[in-house]
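# Examining the three-dimensional arrangement
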Amino acid sequence: GLRSTWIQSPMGESFRAVLAKVLRANSLVGRLEVDWLLSGKFYEYEDIARFHAAVFLPEQPDKLTFWEQYEMSMPLWLPTADFWVRIHAIGE
């Protein structure tokens, strides 16, 4: 299954709040499905395959989950290397 601890961090909470505002401001609530893997929630590969795309914010740059989704031909949106370093440097 897929899990993330970053999304439950203060930075992740801020990200979720900003994304919610962006969705509301652009009338995308109800048109764009966003699902967070919180509190032990995870998806099996069959569940993942039902999605059209994924935003991938890896905790580690070599996260196996990325390669698994890539092999599934899942369109992935990833942060730039600079942004990845910035979001993981906060609080360290």
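Above this text you will find the structure in question.
The structure reproduced in this document is the subject of the present report. All values derive from a computational prediction rather than experimental measurement.

Thresholds, definitions, all that
- Residues numbered from 1 in each chain as written.
- Predicted model: local features only at pLDDT ≥ 70, side-chain atom pairs only at ≥ 80, totals over all residues.
- Heavy atoms only, no water.
- Helix = DSSP H or I, 4+ residues; strand = E, 2+ residues; numbered from the N terminus.
- Buried < 20%, exposed > 50% of the residue type's maximum accessible area, 1.4 Å probe, protein only.
- Polar contact = N/O pair within 3.5 Å; in protein donor to acceptor, adjacent residues only side chain to side chain.

## Side note on the environment of W6
Mapped onto the elements of the fold, W6 is located in the segment before α1 (10-25). Judged by its relative accessible area of 8%, W6 is buried.

## Focus: unusual backbone geometry
Positive phi is not limited to glycine here, since S27 has a value of about 50°. For S27, the location among the structural elements is in the loop between α1 and α2 (45-48).

## Examining the environment of N26
Looking at where N26 falls in the secondary structure, it is placed in the loop between α1 and α2. A distance of 2.8 Å separates the side chain of N26 from the backbone oxygen of V22, its partner in a polar contact.

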